[in-house]
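# Commentary on secondary and tertiary structure
Chain residues, written in single-letter form:
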Amino acid sequence: MTSPQPADTRTHGRSTQTATLAEIAREAGVSAPTVSKVLNGRADVAPGTRSRVEELLRTHGYRRRRAEASRSPLIDLVFHELESAWAMEVIRGVENVARDAGLSVVLSESAGRLTPGRTWADQVAARRPHGVILVLSGLDESGRALLTSRSIPFVVMDPAGDPGTDVPSIGATNWQGGLAATRHLIELGHTRIGAISGPSRMMCSRARVDGYRAALETAGLPVDPSLIVSGDFHHDAGYRQGLALLRREDRPTAVFAGNDLQALGLYEAARELGLRIPEDLSVVGFDDLPVARWVGPPLTTVRQPLTEMAEAAAKLVLDLGKGEDSAAATRVELATSLVVRSSTAAPAGR
């Protein structure tokens, strides 16, 4: 077994390295092999002992040398939810890069939580992948420390919240996309435009609605809070909130649906109420999933380059693992673009 890197900044040879590791073990009240087990994600360590060792590793700023951190030929890809065509586009992008690098992809789901649990972190430590990509998710401080101490690089794609300046992240221009979607509807002549947001805790959702508001304000149109309803980026939310908007006596003539899945739910609500798209209601989605081209009528939407974003995240995490782009802990945003199809038209009477 190779000796771990010293837990402090001293580099005066093997004796100092051994003494430093022994010091961590003494402070934790355990043996040096137990510290090694914790570093390697071994399951045969008591939870209390593991917590003490992890805390000391974090306090000392321990980071295993990359040369010593033997890696499995894997990339860990973590979703907060896997149940959508959206996830398939992301998986495709990561697989493209992994295949070219001779790596396999391990999928995990955090069951709707915005940060994976401790069990997941221990499993990643045991797998020792080339890197971790977290989608619409993030890491708490202890999770970051655990991956950092094992020299496992990580990147957040489309982070749910502000990942911090020290966390590499890949996203899209969500605000610009919301602006473009709403501006398109305004240019067609719509003045009562509704919006179905995603979860308010997600940064991408807030940015899209902020873009929607900015477009209305720039055009001199009032922002009616009652026309902005909350969804969860799933079909059922689009259907449910779509019914609520469309049953109003002063219903909107157009809706920015927040994403494509909610737009499809809105289609169902409109059909149920006997409203035609686009003659009676214009609809704009967000993502440009393959299904957007197949529905009737084909959906006008904002293209979010999901596959390209995933490829960029995978390339970045592999570069970080090689010691490249170590200063690239910044947010990279790929451009969105409006794709006009057949679900939008001028409001009736114009």
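Everything below is about the structure printed above this text.
Predicted model, so just to flag it, every value in this text is computed and none were measured.

Here we come to the pattern of salt bridges. Under the defined criterion, the tally for this structure stands at ten salt bridges. Across the pair Glu308 and Arg303 runs a salt bridge, and its minimum N-O distance is 3.0 Å. Given the relative accessible area of 32%, Glu308 is considered partly exposed. Using a relative accessible area of 30% as the deciding quantity, one classes Arg303 as partly exposed.

Looking now at the sheet that holds strand E3 (residues 131-135). Across the sheet, six strands lie side by side as E2-E1-E3-E4-E5-E11; this open sheet has parallel pairing. In this open sheet, the two strands that pair with only one neighbour each are strand E2 (104-109) and strand E11 (331-334). Here the average twist between neighbouring strands, direction ignored, is 20°. Along the sheet, helix H4 (residues 85-100) contacts strand E1 (74-79), E2, E3 and strand E4 (154-157); its crossing angle with E1, the most-contacted strand, is approximately 165°.

Spatially, six strands are ordered E7-E6-E8-E9-E10-E12 in an open sheet, and the strand pairing comes out mixed. Among the strands making up the open sheet, the edge pair consists of strand E7 (228-230) and strand E12 (337-339). Looking at each pair of strands side by side, their axes are set apart by 20° on average, direction ignored. Two strands pair when backbone bridges link them, and strand E10 (residues 300-303) and E12 are joined in this way by three bridges, in the antiparallel orientation.

What follows deals with the packing of aromatic side chains. What the rule picks out here adds up to one aromatic pair. Relative to Phe286, the ring of Phe256 lies with its centre 6.4 Å away and its plane at 50°, an arrangement referred to as tilted. Here Phe256, found in strand E8 (residues 254-256), pairs with Phe286, found in strand E9 (residues 282-287); they are 30 residues apart in sequence, far enough to count as distant. Exposure class is identical for Phe256 and Phe286. Each is buried. For Arg208, the ring lying beneath its charged end belongs to Phe286, and the centroid distance is 3.8 Å.

Parameters at a glance
- Residues numbered from 1 in each chain as written.
- Predicted model: local features only at pLDDT ≥ 70, side-chain atom pairs only at ≥ 80, totals over all residues.
- Heavy atoms only, no water.
- Salt bridge = Lys/Arg side-chain N within 4 Å of Asp/Glu carboxyl O.
- Buried < 20%, exposed > 50% of the residue type's maximum accessible area, 1.4 Å probe, protein only.
- Pairing = 2+ DSSP bridges.
- Helix = DSSP H or I, 4+ residues; strand = E, 2+ residues; numbered from the N terminus.
- Axes fitted to C-alpha atoms, helices over the stretch in contact; angles between N-to-C directions.
- Contact = heavy atoms within 4.5 Å.
- Phe/Tyr/Trp six-rings, centres within 6.5 Å; stacked < 30°, edge-to-face > 60°.
- Lys NZ or Arg CZ within 6 Å of the ring centre and 35° of its normal.

Limitation: the analysis is restricted to geometry and does not speak to function.
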